[in-house]
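Residues per chain are reported as follows:
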There are 2 protein chains.
Amino acid sequence: MHPPEYMTPEPRSISLEKSQDSRDGILKAGIGLFARRGFHETSMSEVAREAKVSKALIFWHFKTKEELFLAVLNRLLEPYFIDFAEEVGILDERAQLRKLVQSYLLFIRDNAASVRFFLGQLLHGEKVPEELATQVMKLYDAYRELMIGIVRRAQDKNLCSRDIAPEAAAGFMVSALNGSLIGFLFTTGGTTDELDRAVTMLEEWLFRDPAPRSAEGGKAVA
Amino acid sequence: MHPPEYMTPEPRSISLEKSQDSRDGILKAGIGLFARRGFHETSMSEVAREAKVSKALIFWHFKTKEELFLAVLNRLLEPYFIDFAEEVGILDERAQLRKLVQSYLLFIRDNAASVRFFLGQLLHGEKVPEELATQVMKLYDAYRELMIGIVRRAQDKNLCSRDIAPEAAAGFMVSALNGSLIGFLFTTGGTTDELDRAVTMLEEWLFRDPAPRSAEGGKAVA
DNA sequence: CCAGTCGCTAACCTACCGGTCAATGAGCAC
DNA sequence: GTGCTCATTGACCGGTAGGTTAGCGACTGG
């Protein structure tokens, strides 16, 4: 079996290093081409040309085109994670919401290309191998779960209306964010103003009437 | 020049009728295959097989594969229009909003496949020939314009808060709808419950505090 | 009845696709 | 040096893609 199934933690020799380099170069080229043109529009010869290696080498590193594509998707998904756990306890729920939402926006801004690619691929169906699709879905659910937590805590502290279930409220907010997202993805050179507007609107929406019966008026954060 | 550039309003002969029939059959097959598998995954031979004609006939009707694809997109867009003008005057703004939103949902429900296809294609870029993209955008803008009108009238009648500009409110609501839409598109066998929930939420959101200073409490529609 | 067009097809063409393979150079162990 | 494995390549293969062409039967106009 020629291709190394798993890389050793530290490179043992120059050859292995070079091997990893070429593999990375191929992956890099694949990322660019697949994201720009999609799976079927991209040929292995193009990837080879872009990576400046022979086509055969690609098939030495990756058994099939699908395997390369899978590796590309995996690498694209690497930055998809949530780093929200820290320093959140000291913020009130309103600030927590703002922070969570902004982390969403920041992520979108930084990964617009791959998000667009991945979303298109998911919509198109079939070419995303379940495993990755569920991975994305899990991430999505985790995000919504964070938001549910915020809403629940805000309701407990009577910071916002208790009329709607936290799950429904969070689901709605995430949907609204997604909607703004696709609006953003379609304005190619676009500003993030629309996104920012959605953020403040969601904030106002969630914290619109804090105390249904209590007489104490809440101090609004400017 | 073999292929008829434009069809005559009424078929002059049996031959022309048959020609239109076969053309329609090809288009129909193309719609199914392109929508199910995308542009590059679909071969002309497949279309020919599905339409039960020879491949050459397709190239007789449509000069290239791109031209067939374009015709398919055009036909897919045919049901994309807004029939909202009628009988709207007699409804109050709340009911108007509900009706407008429901027409959106209904449309999505009926055209889920083609919406998914078109959205994926737009996200993927490149394969949608500007002309059609702007057509869709115009439709989108028209819809938002309708919503802006509703919000503005509701504000004039003091039915809802005047804190936000109608454009911003409408934009937000359309975004929220779009977000719910993609949520719906991803749940394959999915229910429309999530969509319906978003609808009521948007309604509650827009008409949350009708009279900022007036003492008269509004009667809520159950 | 005959010429011409229309609708249509089988067979064909070229280019390129994903994928294979034999060969080869470079580093490493002995 | 002599092997040995690893990384890499150019040449090649069968299959299929989009597209072309020569021609055939069925109508149509004169």
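Procedures and definitions
Residues numbered from 1 in each chain as written. Chains lettered and ligands numbered in written order. Predicted model: local features only at pLDDT ≥ 70, side-chain atom pairs only at ≥ 80, totals over all residues. Heavy atoms only, no water. Helix = DSSP H or I, 4+ residues; strand = E, 2+ residues; numbered from the N terminus. Buried < 20%, exposed > 50% of the residue type's maximum accessible area, 1.4 Å probe, protein only. Contact = heavy atoms within 4.5 Å. Areas by Shrake-Rupley, 256 points an atom, 1.4 Å probe, with all protein chains shown as cover. Buried area = accessible area lost by both parts, 1.4 Å probe. Salt bridge = Lys/Arg side-chain N within 4 Å of Asp/Glu carboxyl O. Polar contact = N/O pair within 3.5 Å; in protein donor to acceptor, adjacent residues only side chain to side chain. Nonpolar A, V, L, I, M, F, W, Y, C, P; charged D, E, K, R; others polar. Core = buried A, V, L, I, M, F, W, Y, C linked by side-chain atoms within 4.5 Å. Near = heavy atom within 4 Å. Least-squares fit on C-alpha atoms with pLDDT ≥ 70 in both. Phe/Tyr/Trp six-rings, centres within 6.5 Å; stacked < 30°, edge-to-face > 60°. Lys NZ or Arg CZ within 6 Å of the ring centre and 35° of its normal.

**Q** What is the right way to read the overall build of chain A from this model?
**A** Scanning chain A from terminus to terminus reveals nine helices and zero strands. When the elements of chain A are put in sequence order from the N terminus, they spell out α-α-α-α-α-α-α-α-α. Counting all 222 residues of chain A, 43% fall into the buried class. Considering only contacts within chain A whose residues lie at least 6 apart along the sequence, 69% involve residues at least 24 apart. Accessible surface, chain A as shown: approximately 12300 Å² in total, 54% of it carbon and sulfur.

**Q** Whenever I open this one, the interface of chain A and chain B confuses me. Can you help?
**A** Between chain A and chain B, the contact holds 33 residues from the first and 31 residues from the second. Buried area between chain A and chain B, both sides added, is near 3000 Å², and the carbon and sulfur share of it is 74%. Taken together, the links from chain A to chain B amount to zero salt bridges. Our count for the contact surface shared by chain A and chain B stands at two residue pairs in polar contact (both at pLDDT 80 or more). At the level of secondary structure, the elements contributing two or more residues to the side of chain A that touches chain B comprise α1 (14–37), α6 (112–124), α8 (166–186) and α9 (193–206) of chain A. Residue contributions to the side of chain A that touches chain B peak at eleven residues, all from α8(A). A breakdown of the residues in the side of chain A that touches chain B according to their chemical character gives 17 nonpolar, nine polar and seven charged.

**Q** Sorry, what's going on with the nonpolar core here?
**A** One finds A:Leu68, A:Phe118, A:Met147, A:Trp205, B:Leu68, B:Met147 and B:Trp205 to be the most contacted residues of the largest nonpolar core, which totals 131 residues. When near neighbours in sequence (up to four residues on either side) are disregarded, B:Met147 contacts B:Leu97, B:Leu100, B:Val101, B:Ala170, B:Met173, B:Val174 and B:Leu177.

**Q** Mind showing me how you'd approach the protein's contact with DNA strand D here?
**A** The full set close to DNA strand D counts 21 residues, and A:Ser22, A:Trp60, B:Met44, B:Lys55 and B:Lys65 are the nearest of them. A breakdown of the atoms of DNA strand D within 4 Å of the protein gives sugar and phosphate a share of 55%. B:Thr42 places a main-chain nitrogen or oxygen 3.4 Å from a phosphate oxygen of DNA strand D. Measuring from a base oxygen of DNA strand D, one finds a side-chain N or O atom of B:Lys55 at 2.6 Å. Among the secondary structure elements, those contributing two or more residues to the surface near DNA strand D are α1 and α3 (55–61) of chain A together with α2 (44–51) and α3 (55–61) of chain B. Across the surface near DNA strand D, the residue classes tally to eight nonpolar, ten polar and three charged.

**Q** Explanation requested: the relation of the copies chain A and chain B in the structure shown.
**A** Superposing chain A onto chain B requires a rotation of 179° together with a translation of 0.0 Å along the rotation axis, leaving an RMSD of 0.2 Å. One copy is carried onto the other by what is essentially a two-fold rotation axis. When the interface residues of chain A are mapped onto chain B, 94% of them are again interface residues, pointing to one common binding face.

**Q** Just checking my understanding: could you explain the packing of aromatic side chains for this structure?
**A** Any aromatic ring pair is given by two values, namely how distant the centres are and how the planes are angled relative to each other. All names here are of chain A. Tallying each qualifying case throughout the model produces twelve aromatic pairs over all chains. Between the aromatic rings of Phe-34 and Phe-39, the centroid separation amounts to 5.9 Å while the plane-to-plane angle is 15°, which identifies the pairing as stacked. The two residues Phe-34 and Phe-39 agree in class, both being buried. In textbook terms, an aromatic cluster arises when at least three aromatic residues are bridged by ring pairs, as seen for Phe-34, Phe-39, Phe-69 and Phe-117. Taking NZ or CZ as reference, Lys-65 lies 4.4 Å from the ring centre of Phe-39, over its face.

**Q** What's the story with the pattern of salt bridges in this structure? I'm lost.
**A** Where charged atoms from two side chains of opposite charge approach closely, those side chains can pair. What the rule picks out here adds up to twelve salt bridges over all chains. The partner of B:Arg94 in a salt bridge is B:Glu203, and the shortest N-O contact between them spans 3.0 Å. Placement of the pair is B:Arg94 in helix α5 (residues 93–110) and B:Glu203 in helix α9 (residues 193–206), with a sequence separation of 109 residues. In terms of burial, B:Arg94 and B:Glu203 fall into one category: buried. Among the charged side chains, a salt-bridge network with shared partners connects A:Arg94, A:Arg98 and A:Glu203.

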